[in-house]
Amino acid sequence: CTDESRIHNESCLPSATDWEVITHNSEWPARAFHTSVYEPSSSSNQFLHRIYLMGGKNATRDFSDVWTWNLANDAKWQCDFCSDDAGIEEKHLAPTSDQKVAKRSATDAYLCIDSPLSWMKKFGLPSLDKDTKFLNYTPRSTTLLLNDTDIATAADVGVTTIKELASADLYRILKLRGFDYPGIIAREIRNVCYLRAISLAFVKKCSIKELQDSFFHQFFFREAGHSANDETSAISCGRGGNSNPCDAGDWDGCTPIPGLAEVDVHGLGNVAVPQIKHNVSSVVEELFCRQIPRSRCYSASAFLDNRVVTVGGKSSNSTTLYRDVWTRDETFPRAFISLKPKSRTSQSKFVFDSSEAGAYFEYKIIKGNDDIIPWSVTTKSMGVDVSWIGRGWYTLFVRSVDPSGNRDVLFSNEVNVFSWYYVPPIPWGVLSGCALATLALVVGGYFEYRRRKRRAVMERFALRRMRRKFKLKSNGAELTYQSSLPRDVQNIDKVVGGHSTPHESRRSSSLRNYIGYDESQRKHESHLISKVDHRSNDNYRSGNVRRRRKQIVPVEVEAKRRRNRNTDRNRSTIQMNHDE
């Protein structure tokens, strides 16, 4: 219809033939008071025309789901975070079957505390082959935690969501463990305590509460999936004797009680106590908190800056009005390893980059099938230094997390997965310390050897001095004996007329023997001196002879001095005796 005139043309008005019914039963539940937004085609959405439907209510409940349709006759409405969203398309993924499965596993990992138990799954990293490689852009592995029978058993006791399992009382947990009142047969969920531990950790991770510390650290701590395990308080009930049976609120039915294999429960009797405390940190860190608006109707929405924006609304009972603003981000970021070490070297620095601005990174290092560290948080500027690991083969996984909380869904070799052989660097500091310590020991040993050698020389010198003192003391005793003789005996040996008598000769010889220097030793030293002098005359220029002369002559001089002192001392003693 082309009408360029200003006259009203009836043929340009819509008629019954202008509308076409595409479907009478869309995939989303019937509702009213919802909001819808049109997204025009562009390069960012692969040139698709799409319509968004959000919120609304029916006669029984409000809705918070989001549905999209690409305006094709054979296309189906796709739901965000729904269990049957196998066909949902992503902007950055090609429409292949493997990538659709990857998208399904990625959205299934985003849960809220009110999600059904059937959505609880265990996600893991892709398995590596013998060459530590796998197909490019491989999705994570998925394992179901409950089957249809377990889900029906939990629904029979009124447990249908994650929050309800985490807050279940003692009797519900024991009934799911197979314990019921006498005469009633209870169906058992074999891993109910394991599931309850996951539910408790996930509720604690995703519950909104006031932050006591800085938002940055609390956000990273929560998003990385780390949660502290609370210490179990002592349980005093059900121990027999004077203790009362356990009732609802006294025990949760799964927590191990130290020292007890059974506990008495009111109305049920003795119940087996689990002996294992499950560690579910590796499971919870792969489950992510879903961030969606609350159930509402009458909200306003628009498409701005390639994003859907939702503003305000009210609850179904019209008592709560909302003034929050939400944007929808369906693009999963991609992480890249921009700097990595070479294999079989001591390089240990990693630097990461992301396809979206403002994203941070989570990385994990595994060795074989064991996790060296859990998912840890870093930024582009910080990077990662792994110099603390030992020698061996390692594999590093890294994923990017954008401000909306979206994470990498695919892993690829040399892109966000890297395997290498690490060789620790040579510890030059340790080697230098050992070398200095060895040098110090050698120098200390040398000085200790010299000190002990000087000490030995001084000990020998002191010993010789003591021997000389003992010898002089013995000679003094002999003189004291001679002086103690009678005078008539002492006068026998006097000199008569200037000639010596036989007694005088004997006395003079005895005096010579009494003197502290031996005549034979004197002759021997004189012989050595004459021998050295004779050699020095023949070989005057010989350095060896000069050194020997320098060694012997001082000894002779010292001997002469010692002999003269002894002779003078003995003569003075004899003169005193003669005077008496």
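Keep in mind that this is a model prediction, so the values were computed, not measured.

## What to know about the pairing of strand 17 (residues 360–367)
Two faces, one strand: in a regular strand the side chains alternate between the faces of the sheet.
At step 1: In terms of residue burial, strand 17 counts as a mostly covered element, since 7 of its 8 residues are buried.
At step 2: Two strands pair when backbone bridges link them, and strand 17 and strand 20 (residues 392–401) are joined in this way by 7 bridges, in the antiparallel orientation. When the bridges of strand 20 are listed, Glu362 appears paired with Arg399.
At step 3: In this structure, the hairpin formed by strand 17 and strand 18 (residues 370–378) is closed by a connection of 2 residues, where Gly368 is found at a positive phi of approximately 70°.

## Describing the pattern of salt bridges
Between side chains of opposite charge, pairing is possible as soon as their charged atoms come close.
At step 1: All told, the structure shown has 21 salt bridges when counted by the stated rule.
At step 2: Its salt-bridge partner being Glu39, residue Arg50 comes within 3.2 Å of it at the nearest N-O pair. Of this pair, Arg50 sits in strand 2 (residues 50–54) while Glu39 is found in strand 1 (residues 35–39), placing the two residues 11 residues apart along the sequence. Judged on exposure class, the residue Arg50 and its partner Glu39 are both buried.
At step 3: Linking Arg328 and Glu330 is a salt bridge whose minimum nitrogen-to-oxygen distance equals 2.9 Å.
At step 4: Salt bridges linked by common partners bring Glu39, Arg50, Asp80, Arg328 and Glu330 together as one network.

## Some thoughts on helix 2 (residues 148–156)
The α-helix winds at 3.6 residues per turn, so residues separated by three or four positions along the chain end up facing the same way.
At step 1: If you check which residues of helix 2 are buried, you get Asp150, Thr153 and Ala154. For helix 2, the angular spread of the buried residues around the axis is 95°, confining them to a single face. The outward face of helix 2, more than 90 degrees from its buried face, is lined by the exposed residues Asp148 and Asp156.
At step 2: Against the buried residues of helix 2 lie helix 4 (170–176).
At step 3: A side-chain oxygen of the first residue of helix 2 lies 3.2 Å from the backbone nitrogen of Thr149; this N-cap is Asn147.
At step 4: Within two residues after helix 2, Gly158 carries a phi angle of roughly 85°, on the positive side.

## Here we look at the sheet that holds strand 1
Neighbouring strands of a sheet are bound in pairs by backbone hydrogen bonds; such pairs are parallel or else antiparallel.
At step 1: Here we have 4 strands laid out as an open sheet, ordered 1-2-3-4, and antiparallel in their pairing. The sheet is open, and its two borders are formed by strand 1 and strand 4 (78–79), each paired with just one other strand.
At step 2: Across 5 bridges, strand 1 lies against strand 2 in antiparallel orientation. Note that in strand 2 the partner of Thr35 across the bridge is Met54.

## Considering unusual backbone geometry
At step 1: Within the chain, Asn306 stands out as a residue other than glycine whose phi angle is a positive 60°.
At step 2: On the secondary structure map, Asn306 appears in the loop between strand 12 (300–304) and strand 13 (307–314).
At step 3: Its identity as a non-glycine residue notwithstanding, Arg344 has a phi of 60°, on the positive side.
At step 4: Note on placement: Arg344 falls in the loop between strand 15 (335–339) and strand 16 (349–354).

## Some thoughts on the sheet that holds strand 14 (residues 321–328)
At step 1: Reading across the sheet, the 3 strands line up as 12-13-14 and stay open at both edges, with antiparallel pairing between neighbours. Looking at strand neighbours, the two that pair on one side only are strand 12 and strand 14, the edges of this open sheet. Each strand axis lies, on average, 15° off the axis of its neighbour in the sheet, ignoring direction.
At step 2: Relative to strand 13, strand 12 runs antiparallel, the two sharing 5 bridges. Bridge pairing links Ser301 to Thr310 in strand 13.

## Here we look at the packing of aromatic side chains
The geometry of an aromatic ring pair is captured by the separation of the ring centres together with the interplanar angle, meaning the angle of the planes.
At step 1: Under the criterion given, the structure shown has 15 aromatic pairs.
At step 2: Considering the side-chain rings of Phe350 and Trp420, the 5.2 Å spacing of their centres and the 70° angle between planes classify their relative orientation as edge-to-face. Taken together, the residues Phe350 in strand 16 and Trp420 in strand 22 (residues 417–422) connect sequence positions 70 residues apart. In this structure, Phe350 and Trp420 share a single accessibility class: buried.
At step 3: Ring geometry for Trp393 against Tyr421: centres 5.5 Å apart, planes inclined by 70°, an arrangement best described as edge-to-face.

## Considerations on a nonpolar patch on the surface
At step 1: Together, Leu439, Val443, Tyr446, Phe447 and Tyr449 give the surface a local cluster of nonpolar side chains, amounting to about 550 Å² of exposed area.
At step 2: With respect to the element layout, Phe447 can be found in helix 8 (residues 428–483).

## So, the confidence of the model for the chain
At step 1: Residues of the chain with pLDDT of at least 70 account for 70%, and the chain-wide mean is 76.
At step 2: Here helix 6 (residues 215–223) stands out as the element of the chain with the lowest mean pLDDT, 44, in contrast to strand 16, whose mean of 94 is the highest.
At step 3: Predicted confidence is poor over residues 84–104, with pLDDT under 50, and the contacts of this stretch with residues over four places away or in other chains come to 39 contacts.
At step 4: Across residues 215–232, confidence stays below pLDDT 50; counting only partners more than four residues off in sequence or on other chains, it has 29 contacts.

## Quick word on helix 5 (residues 192–206)
At step 1: The end-to-end C-alpha distance of helix 5 is 21 Å, a good match for the 21 Å that 15 residues give at a rise of 1.5 Å each.
At step 2: In terms of burial, helix 5 is a largely internal element, 12 of the 15 residues being buried.

## A few points about a positive patch on the surface
At step 1: A contiguous patch of positive charge, built from Arg450, Lys453, Arg454, Arg460, Arg464, Arg465, Arg467, Arg468, Lys469, Arg561 and Arg565, is present on the exposed surface.
At step 2: Breaking the positive patch down by element, the ones donating at least two residues are helix 8 and helix 12 (543–579).
At step 3: Tracing the backbone shows Arg464 in helix 8.

## Let's talk about the state of the cysteines
At step 1: Applying the stated criterion to the full structure yields 2 disulfides.
At step 2: A disulfide bridge connects Cys193 with Cys254, and the sulfur atoms are separated by 2.2 Å. Taking the torsion about the S-S bond as the criterion, the Cys193 to Cys254 disulfide, at about -80°, is left-handed. With a gap of 61 residues between them, Cys193 in helix 5 and Cys254 in the loop between helix 6 and strand 9 (262–265) connect regions that are remote in the sequence. Just as Cys193 is buried, Cys254 falls in that class too.
At step 3: Across the disulfide from Cys206 sits Cys289; the S-S distance is 1.9 Å. Here the disulfide of Cys206 and Cys289 is left-handed, its torsion about the S-S bond being about -85°.

What counts as what
- Residues numbered from 1 in each chain as written.
- Predicted model: local features only at pLDDT ≥ 70, side-chain atom pairs only at ≥ 80, totals over all residues.
- Heavy atoms only, no water.
- Buried < 20%, exposed > 50% of the residue type's maximum accessible area, 1.4 Å probe, protein only.
- Helix = DSSP H or I, 4+ residues; strand = E, 2+ residues; numbered from the N terminus.
- Pairing = 2+ DSSP bridges.
- Salt bridge = Lys/Arg side-chain N within 4 Å of Asp/Glu carboxyl O.
- Arc of directions from axis to C-beta.
- Contact = heavy atoms within 4.5 Å.
- Polar contact = N/O pair within 3.5 Å; in protein donor to acceptor, adjacent residues only side chain to side chain.
- Axes fitted to C-alpha atoms, helices over the stretch in contact; angles between N-to-C directions.
- Phe/Tyr/Trp six-rings, centres within 6.5 Å; stacked < 30°, edge-to-face > 60°.
- Patch = residues over 30% accessible without salt bridge, like charges linked within 9 Å, V, L, I, M, F, W, Y side chains within 5 Å.
- Areas by Shrake-Rupley, 256 points an atom, 1.4 Å probe, with all protein chains shown as cover.
- pLDDT = per-residue confidence, 0-100.
- Expected span 1.5 Å × (residues − 1).
- Lys, Arg positive; Asp, Glu negative; His and termini not counted.
- Charge placed at Lys NZ, Arg CZ, Asp CG, Glu CD.
- Disulfide = S-S within 2.5 Å.

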